[in-house]
Every structure is written in structure tokens, then in C-alpha cells.
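# Inside the fold
In case you want the letters, here they are:
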Amino acid sequence: AEMLQAVSAGTLDMCEGYGGYWPGKVDVAAIEAGLPGAWTTYEEARYIFDSRGLRALAEEAYAEQNVHYLGPVFGGAYDLLTKDPVKSLEDMRKMKIRATPSVAKVLQKLDIPTVFMPGSELYVGLSTGAIDGCIFGGPIEYKTMKLFEAAKHYTYLNMLNPGYTDDVLINMKKWKSMSDAQRKILEMAVETHAANMHNWIVTGNIDASAEGIFTFATLPSEDSLALLKAAQVVWDEEAAKSPRAKKAIDILRATAKAAGRG
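As a starting point, this report considers the structure included with it. (Residues numbered from 1 in each chain as written. Predicted model: local features only at pLDDT ≥ 70, side-chain atom pairs only at ≥ 80, totals over all residues. Heavy atoms only, no water.)

### Considering the environment of Gly138
Considering the arrangement of structural elements, one finds Gly138 in the loop between strand E6 (133-137) and helix H8 (139-144). Between the C-alpha atom of Gly138 and that of Leu80, which follows or precedes it by 58 residues, the distance is 8.2 Å. Non-local contacts of Gly138, meaning those with residues more than four positions away in its chain, are made with Ala77, Tyr154 and Asn205. (Helix = DSSP H or I, 4+ residues; strand = E, 2+ residues; numbered from the N terminus. Contact = heavy atoms within 4.5 Å.)

### Observations concerning the pattern of salt bridges
Taken as a whole, this structure holds 16 salt bridges when the rule is applied. Across the pair Arg244 and Glu60 runs a salt bridge whose closest N-O atoms are separated by 2.9 Å. Separated by 184 residues along the polypeptide, Arg244 in helix H12 (residues 243-258) and Glu60 in helix H4 (residues 54-63) bring together distant segments of the chain. Overall, the relative accessible area of 11% leaves Arg244 in the buried class. (Salt bridge = Lys/Arg side-chain N within 4 Å of Asp/Glu carboxyl O. Buried < 20%, exposed > 50% of the residue type's maximum accessible area, 1.4 Å probe, protein only.)

### Focus: the sheet that holds strand E5 (residues 114-115)
The sheet built from 6 strands is open, its strands ordered E5-E4-E6-E3-E7-E9 with mixed pairing. For this open sheet the edge positions go to E5 and strand E9 (215-218), each flanked by a neighbour on one side alone. Sheet topology note: the strand E4 (residues 97-98)/E6 ladder contains 2 bridges and is parallel. Bridge pairing in E6 links Arg98 to Cys134. (Pairing = 2+ DSSP bridges.)

### Considerations on the sheet that holds strand E1 (residues 14-18)
Remark on secondary structure: sheet strands pair via backbone hydrogen bonds, oriented parallel or antiparallel. With antiparallel pairing, 3 strands are arranged side by side in an open sheet as E1-E8-E2. For this open sheet the edge positions go to E1 and strand E2 (67-74), each flanked by a neighbour on one side alone. Neighbour-to-neighbour, the strand axes of this sheet turn through a mean angle of 25°, independent of strand direction. In the packing of helix H3 (residues 42-51) onto the sheet, the strands contacted are E2 and strand E8 (165-171), and the crossing angle to E2 comes to about 160°. Here H4 sits on the sheet and contacts E2 and E8; the angle it forms with E2, its principal contact strand, is near 140°. (Axes fitted to C-alpha atoms, helices over the stretch in contact; angles between N-to-C directions.)

### Some words on the packing of H3 against H12
Where H3 contacts H12, the axes come no closer than 10 Å and their chain directions differ by 135°. In terms of orientation, H3 and H12 fall into the oblique class. Taken as a pair, H3 and H12 cross one another with a handedness that is right-handed. Contact with H3, carried on its side by Glu44, Tyr47 and Ile48, involves Ile251, Leu252 and Thr255 of H12 and no other residues of that element. Looking at side-chain class alone, the contact of H3 with H12 contains 4 nonpolar, 1 polar and 1 charged residues. (Parallel < 35°, antiparallel > 145°, perpendicular 65-115°, else oblique. Left-handed = near helix turned anticlockwise from the far one by under 90°. Nonpolar A, V, L, I, M, F, W, Y, C, P; charged D, E, K, R; others polar.)

### Focus on the nonpolar core
Within the largest apolar cluster, 59 residues are counted, with the highest numbers of intra-cluster contacts made by Trp39, Tyr62, Leu107, Leu227 and Leu252. When neighbours within four sequence positions are excluded, Tyr62 is seen to be in contact with Leu4, Gly19, Trp22, Val26, Ala29, Glu32, Val67, Tyr69, Asp167 and Leu169. (Core = buried A, V, L, I, M, F, W, Y, C linked by side-chain atoms within 4.5 Å.)

### Concerning the packing of helix H6 (residues 101-109) against helix H11 (residues 221-239)
Look at H6 against H11: their axes get within 8 Å of each other, and the N-to-C directions meet at 125°. Considering the angle they form, H6 stands oblique to H11. For the pair H6 and H11, the sense of crossing is right-handed. For the pair H6 and H11, the contacting residues are Lys105, Val106, Leu107 and Lys109 in the first and Leu227, Ala230, Ala231, Val233, Val234, Glu237 and Glu238 in the second. For the contact of H6 with H11, a count of residues per class yields 7 nonpolar, no polar and 4 charged.

### Some remarks on H12
Between its first and last C-alpha atoms H12 spans 22 Å; for 16 residues at 1.5 Å apiece the expected length is 22 Å, and the two agree. Along H12, the positions that sit buried rather than exposed are Arg244, Ala245, Ala248, Ile249, Ile251, Leu252, Thr255 and Ala256. Burial along H12 is one-sided: seen end-on, the buried residues are contained in an arc of 145°. Exposed residues pointing more than 90 degrees away from the buried face of H12 are listed as Pro243, Lys247, Lys257 and Ala258. Those residues of H12 that are buried are in contact with helix H2 (29-34), H3, H4 and H11. Taken from the residues just after H12, Gly260 is the one with a positive phi, measuring 85°. (Expected span 1.5 Å × (residues − 1). Arc of directions from axis to C-beta.)

Function cannot be read off these values alone, since they describe shape.
Structure (C-alpha cells):
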């Protein structure tokens, strides 16, 4: 959660971060990180960023923080892992769920208790009962972090696919100190890294799902719809942050309409 500040100050030259950790500092951070219902496929997400202009808006916003936005890294699944089975939103209302601020806003609209803690503390949080579940990633993340040792119940939320989007950020002074050739090399390296990461996550989720270490369930369609309706309220709240944020939300709404979702 401190990576943006560290790169802005030059304490770090670069990072791969997640805008969902700093929505109060960058007006489009929660949007570029992936709001529930924003896109349904990897191709649609790329279209929104590259062709509809969300990437350009992110670059503009991060520049105000003395940071150059190098591009998105699309993840994979972003679902719920809990100690006890979840068959409905009502079950979730009886739990304390770890979520990032943007996702927490959606859950809170449905009276689901949320808390925030860093990813490094999730294992202890689940093991000690400080939290009953978390929304952090997909099967590959939960496997590599060994969270299945404390929580085995995986529930598909059907909110967003890819379910989260990281960002690669570089200190603006460091970026400007580079030659045009160096910048191009770095941009190409980030694109390669992003493609490799996405492929690793997607294939890793398939492999981890087949290992039998999780018990899988899916929210009922009416509950998934309730999450998406609650997300629309959050879309409105994000749009009200600034004219730039409104432009970003307008991009999401126009794309959803074109795709037959709105």
C-alpha cells in the first residue's frame, strides 16, 4: 500500500503495484485496478485501456504524483476464499471479509463486514480468526501463499474478468533521465512481463484448481447480479471524484452498452 508513495518520492525507482490500494491519492486508481462489472474478458479489458483511452487517463493521473504509468498487468481470477462454506450473500454477512477499498465499498453496500490487511498478513489473519475470508486473487495466489491450509472454500463471485489489474510505475525523474531508446526498451519489457504474468496466472489457476486443495462453489446468479447492481453505485461515486474519473467511467459504460451489458 506504500508503493505509490515510495516511487513518487524516489525511494523506489519502480514497482508493480495495484491502484486499489490508493484510491484516495489517484482519482482513477480504483477504476484502472478494475471495478466490479467493468469488463468480462481480457480482450475487452485491453480494448478499454488501449483503444478507448483508459490508459491515457491513468498516465495523466499518475503524472500528477511524480510517477510515470508504464502500463497495466492483467491478472486472473479475483474471488473469495473462506474458512467456512459460502452459498449466498447472506452467508457472507456473517463473516469478516478482507477486501481492498474499492471492493469493500461494493460489499458494504450489501451489509457485508469488511476489513483491510496487507497480503502478507492474510495467512495469520485466517489462521487466528481475525478474518473469516479474503478477496485477494485466484487459486494460484491462494496456493502459493499456502492460504488453503487455513481456508479451503473458494467461491466464484462473477464480478470481473480479469478480476484485478496491477500497474507498473516508475519515478518520473528516473523516467525522464532515460534516452528514448532506453524508454522503448523498458516499455517493451513491461509489455512482455505483463503478457507472461497473465498467462502464468491463467494457466496456474487451472492447474491449482485441479489439485483438490480447494472446495469450489459459485454464488447464485441473483446474488452475483446484486453485487453488480451495488457496483453501479460505486461507479457513480468514482465518477463524482473528478472530470477525469467521469471520463473513465463513461468509457466503461459505453463499452458495456456496446457489448450488450447496459
